[in-house]
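Architecture at a glance
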Amino acid sequence: MERPVIAIVVPCYNEQEVLPITLPALLRLLDSMVEEGKISPDSYVLCSNDGSRDSTWELITRFHVADKRIKGISLAHNRGHQNALLAGLMTVKDRCDAAISIDADLQDDPEAIREMVDRFIDGKEIVYGVRSSRDTDTWFKRNSAMAFYKFQKTMGLDTVSNHADFRLMSSRALEMLSHYDEKNLFLRGIIPMIGLDTDVVTYARASRAAGESKYPLSKMLSFSIDGITSFSAKPMRMIFLTGLILLLIDVAVGAYVFISYFFKPALEPGWTSLMLSVWFLGSLILMGIGIVGEYIGKIFIEVKNRPRYEIRDILLD
């Protein structure tokens, strides 16, 4: 393939501080790649506004008026990063040869897009951007992230380690992605299921260009739980195995109590051990109910079959 049309999809939520830096940088990258004969002059950037509360959409509109290669859609309500990203990808899937998703904060290196396009031209249909290291992360974030990736593997998730949502997808891969109708979106788990020919491009992750992170610890934990419960039933199986193990322990304790009743009649029951057992078993029961509740909640959302998002405004001309 020569000179493909590339669409760069940028999900945005309250990004008024960073967009004046990000969009000119992406336009310069497109200009450079067009001059090199790598991509078509019809390539463009599409911003997917996730119901921002600041002037993000007004900024996108002004950039669109100044340069038609900046396009945009605005969701009618804040639906979360994954839905905003999917909305952008589904908007461009019939308007490009390949789409590259990248966050607005420029922590993912835009220069890696050059190599992604090279791999695409060579025949790869999905190219993942993978961090070369986590040296810039705090000790807690680095170790918690690695523990999460290992836990995902244990739970049976087929994900790419140290990869977020910086990737290239061909129009055929986007078409296949459109067939996945689930409402609980975890694109990092869905896209590896598509298959096709894939490759990896490594890059060094930078600090945020401006503004504040939209993913505090609470959101990261919620996102992690969604990812695991959307793709694996192993947590529910673990509840059963835990119950089985506790049953075996209970049989052993029952045998000890039975023997003690006849051979050690003066033995007084321990209040401390009894209370610890009650609290321990109570905690396990509540955890089990919570895990089952997560799955029931997802079933509840799926069976209602409501739209993932609604698009309020479109700037594509």
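Here's what I pulled together on the structure shown here. The structure presented is a predicted model; accordingly, all values stated were derived computationally and were not measured.

Reading guide: rules and limits
- Residues numbered from 1 in each chain as written.
- Predicted model: local features only at pLDDT ≥ 70, side-chain atom pairs only at ≥ 80, totals over all residues.
- Heavy atoms only, no water.
- Pairing = 2+ DSSP bridges.
- Helix = DSSP H or I, 4+ residues; strand = E, 2+ residues; numbered from the N terminus.
- Axes fitted to C-alpha atoms, helices over the stretch in contact; angles between N-to-C directions.
- Contact = heavy atoms within 4.5 Å.
- Polar contact = N/O pair within 3.5 Å; in protein donor to acceptor, adjacent residues only side chain to side chain.
- Salt bridge = Lys/Arg side-chain N within 4 Å of Asp/Glu carboxyl O.
- Buried < 20%, exposed > 50% of the residue type's maximum accessible area, 1.4 Å probe, protein only.
- Core = buried A, V, L, I, M, F, W, Y, C linked by side-chain atoms within 4.5 Å.
- Phe/Tyr/Trp six-rings, centres within 6.5 Å; stacked < 30°, edge-to-face > 60°.
- Lys NZ or Arg CZ within 6 Å of the ring centre and 35° of its normal.

**Observations regarding the sheet that holds strand β3 (residues 70–75)**
One open sheet holds the 8 strands; their spatial order is β7-β5-β6-β4-β1-β2-β3-β8, and the pairing between them is mixed. Both outer strands of the open sheet, β7 (198–203) and β8 (311–315), are each paired with one neighbouring strand and no more. Neighbour to neighbour, the strand axes of the sheet diverge by 20° on average, direction disregarded. Across 5 bridges, the pairing between strand β2 (residues 44–49) and β3 is parallel. Opposite Cys47, over in β3, you have Gly72 as the bridge partner. Lying on the sheet, helix α1 (residues 19–35) is in contact with β1 (6–12), β2 and β3; it crosses β2 at an angle near 155°. Along the sheet face, helix α4 (residues 112–121) touches β1, β4 (98–101), β5 (126–131), β6 (163–170) and β7 and points at about 40° away from the line of β6.

**Focus on the side chain of Arg167**
Relative to the assigned elements, Arg167 resides in strand β6. Among the polar contacts made by the side chain of Arg167, one reaches the side chain of His163 at a distance of 3.2 Å. Those residues in contact with Arg167 that lie beyond four places of it in its chain are Leu85, Ala99, Ile100, Ser101, Met116, Val127, Tyr128, Gly129, Leu187, Arg188 and Ile191.

**Notes on the pattern of salt bridges**
Side chains that differ in charge, positive against negative, can pair when their charged atoms come close. Under the counting rule described, the total for this entry stands at 14 salt bridges. Between Glu175 and Lys93 there is a salt bridge whose closest N-O contact spans 2.9 Å. Of this pair, Glu175 sits in helix α6 (residues 171–177) while Lys93 sits in the loop between α3 (81–92) and β4, and the two are 82 residues apart along the sequence. Here Glu111 and Arg114 are joined by a salt bridge, their closest N and O atoms 2.7 Å apart. Take Glu111: its relative accessible area is 42%, and that puts it in the partly exposed class.

**A few points about the nonpolar core**
Formed by 35 residues in total, the largest nonpolar core has its most connected members in Ile8 and Val45. In terms of residue count, α1 provides more of this core than any other element does, 7 residues in total. Once residues within four sequence positions are removed from consideration, Val45 is found in contact with Ile8, Val10, Leu23, Leu26, Leu30, Arg69, Ile70 and Lys71. Counting 30 residues, the second largest nonpolar core, distinct from the first, contains Leu89, Met90, Met169 and Ile190.

**Overview of the packing of aromatic side chains**
Evaluated as defined, the whole model comprises 1 aromatic pair. The lysine or arginine in question, Lys71, covers the ring of Tyr44, its NZ or CZ lying 5.5 Å from the ring centre.

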